[in-house]
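Chains, contacts and geometry: an overview
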Amino acid sequence: MKQFIKNTLTRIFVAQAKKILKAHNPLVVVVVGSVGKTGTKLAIAKVLQQKYRVRYQEGNYNVPLTLSFVLTGQQLPTLTNPFGWFMAWVHGQKYIYGNFPYDVVLLELGTDAPGDIIAFKDIVKADIAVVSAISEEHMEYFHNLEAVAEEELSVAHFAQKLIINKDDCNTDFIDLFVPNNIPVINYGFTKRAHYAIQAKRNTHHSFDMMVTTPSKSAIHSHVSVAAEHGLKAVAAAIAVADVLQLTHKQIEKGVAAITPNAGRMRIFEGLNNTIIIDDSYNSSPLAAEAALHSLYGMQAPERIAILGSMNELGVVSQTAHEKIGSMCVPDKLSLVITIGDQANSFIAKQAEKQGCNVIRTHSPVKAGKVAAQNARPGALILVKGSQNGVFAEEAVKQLLANPSDINNLVRQSNFWMAKKAAQFTDMS
């Protein structure tokens, strides 16, 4: 019955979304990818807002049912609230026949299994599609990286132009799965990228960045992000804005307004003059690898990594966790703290083989307390983890110097706190 209700609501609200888009015909930019979608979407929004009125959603409303809610700026009711769904539909109808005060619609499209992206084909016609990365995701359904690539790149079947992260999207996959008639633009740190990034770190949370454009001109910006890989989202935003003919001045102003989002390489002041790098929103092999590289690139008297299990990796889970463990080396890390079964089994074992000091934990609260007890003044503490069985943001909570910063952590609502309390006994 629950699935029947959800399917019925999807049909109703997809039809509404299609009518809104047809009635007003805004420019449509979509973002897909294995990792980095939300950060890329929000960076694009900040830059495009310097010229256009942009409709987007802060979170990850990225399935067909939610598209109407993005377009109309509404929150999704609970499944058991029929009045809420009816009022949402009534509100949405006004957008079909009334004013739609936006020039650009910016959408994040997600996938959990093969066929999820192509399901948007009859709903959305994208002027530009951005592919943030192709890497291991939901591997219990995709089984290999080629299947992931086929899924993410199926966006090319309903987009007029692709803008792709050249660093994290294998060119062979593009040749395999992108039709020849679709223009492909790329960005990345490689010099051969159409939008090529050069960057110099200023502080733990900022870079001076230059992006060379296809016209050989350059866009210079000071960017407030902690991780070098975060500059790829900025480059994607620059590429989209340049294609949509924003001036360099508009682009540079928009880039200056980009700030890290909750749980995504965000810097906090920690206890005992430590520095916390909060990357607790989620984790995947590519993202965990990038987070460690960023940590290693920052100067500090000591570095500690809290690494949680990476969920939904299926048959590649052991190999993927072992790879992250092999990246943990004692000359870069004074301590590795793991959270969750997969991290405790595979990251921890591999890190110990590398010579690292490792402490295994079964709760984020314990992990945070262990880090607080072991960190010297000035230490950098990276916190990286997925959701279920990990919830690494609760480790961050144990380390914060300013309790008010709890409001800037992910998953602090009553819903999420109840879910964590059901999984861990030491939440209070």
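Before reading further, recall that the structure is shown in the block above.
Here we summarise the structure given alongside this text. Predicted model, so just to flag it, every value in this text is computed and none were measured. Each chain carries its own residue numbering, running from 1 in the written order of its sequence. This being a predicted model, a pLDDT of at least 70 is required before a residue's local features are given, and a value of 80 or more before pairs of side-chain atoms are given or counted; all residues contribute to the totals for chains, interfaces and linings. The basis for the side-chain values is all heavy atoms of the structure; hydrogens and waters are excluded.

**Observations regarding the state of the cysteines**
Two cysteine sulfur atoms form a disulfide, by the criterion used here, when they sit within 2.5 Å. Tallied over the full model, the rule gives 0 disulfides. Lacking any disulfide linkage, Cys328 is separated from the closest cysteine sulfur, that of Cys356, by 5.5 Å.

**Section: the sheet that holds strand β12 (residues 303-308)**
Strand pairing is assigned whenever DSSP detects at least two bridges linking the two strands. Helix and strand labels come from DSSP, where a helix needs a run of H or I of at least four residues and a strand needs a run of E of at least two; each type is numbered from the N terminus. The strand order β10-β11-β15-β12-β13-β14 describes an open sheet built from 6 strands, whose pairing is mixed. In this open sheet, the two strands that pair with only one neighbour each are β10 (266-269) and β14 (358-361). Neighbour-to-neighbour, the strand axes of this sheet turn through a mean angle of 20 degrees, independent of strand direction. Of the strand pairs in this sheet, strand β13 (residues 335-339) and β14 are connected by 4 bridges, and their pairing is parallel. By the bridge assignment for β14, Thr338 is matched with Arg360. Here an axis means a line fitted to C-alpha atoms, over the contact stretch when the element is a helix, while the angle between two N-to-C directions is reported on a 0 to 180 degree scale.

**Examining the packing of aromatic side chains**
Only the six-membered ring of Trp is used, alongside the rings of Phe and Tyr, when aromatic pairs are assigned; centres must lie within 6.5 Å, and planes under 30 degrees apart are stacked while those over 60 apart are edge-to-face, with the rest tilted. In total, this model carries 8 aromatic pairs according to the counting rule given. Pairing Phe69 with Trp85 gives two aromatic rings, centres 5.6 Å apart and planes at 90 degrees, and the pair type is edge-to-face. One end of the pair, Phe69, is in helix α3 (residues 67-72); the other, Trp85, is in helix α4 (residues 82-97), and 16 residues separate them in sequence. Taken as a pair, Phe69 and Trp85 share a single burial class, namely buried. Clustering of aromatic rings is evident, with ring pairs tying together Phe13, Phe69 and Trp85. One residue, Arg264, lies across the ring of Tyr281, its end atom 3.8 Å from the ring centre. For the cation-ring pair, Arg411 lies above Trp416, with the distance from its terminal atom to the ring centre recorded as 5.9 Å. Think of it in three bands: residues with accessible area under 20% of the maximum for their type are buried, residues over 50% are exposed, and the middle band is partly exposed, with areas taken using a 1.4 Å probe on protein chains only. To sit over a ring, a charge needs its Lys NZ or Arg CZ within 6 Å of the ring centre and within 35 degrees of the ring normal.

**Quick look at the side chain of Ser132**
Relative to the helices and strands, Ser132 is located in the loop between β4 (128-131) and α5 (139-142). The term polar contact refers here to a pair of N or O atoms within 3.5 Å; inside protein, the definition further demands a hydrogen-donor-capable atom paired with an acceptor-capable atom, and it admits residues adjacent in sequence only when both atoms are side-chain atoms. In this structure the side chain of Ser132 is engaged in a polar contact, spanning 2.5 Å, whose partner is the backbone oxygen of Val35. Here a residue-residue contact requires only that any non-hydrogen atoms of the pair lie within 4.5 Å. Those residues in contact with Ser132 that sit more than four places away from it in its chain are Val32, Gly33, Ser34, Val35, Gly36, Lys37, Thr40, Asn165, Asp168 and Tyr187.

**Points about the pattern of salt bridges**
Side-chain pairs of opposite charge can arise where the charged atoms are in close proximity. Only one rule defines a salt bridge in this text: a Lys or Arg side-chain nitrogen within 4 Å of an Asp or Glu carboxyl oxygen. Enumeration according to the criterion identifies 12 salt bridges in this entry. For Arg411, the salt bridge is made with Glu393, and the minimal N-O distance between the two is 2.9 Å. With Arg411 in the loop between α14 (393-399) and α15 (414-423) and Glu393 in helix α14, the pair connects residues that are 18 residues apart, well separated along the chain. With respect to burial, Arg411 and Glu393 carry one shared label: buried. Lys397 is the partner of Glu394 in a salt bridge, and the nearest nitrogen-oxygen pair spans 3.0 Å. Of this pair, Glu394 and Lys397 are both found in helix α14, 3 residues apart, which corresponds to roughly one turn of the helix. The class for Glu394 is buried, based on a relative accessible area of 1%. Assessed through its relative accessible area of 22%, Lys397 is described here as partly exposed.

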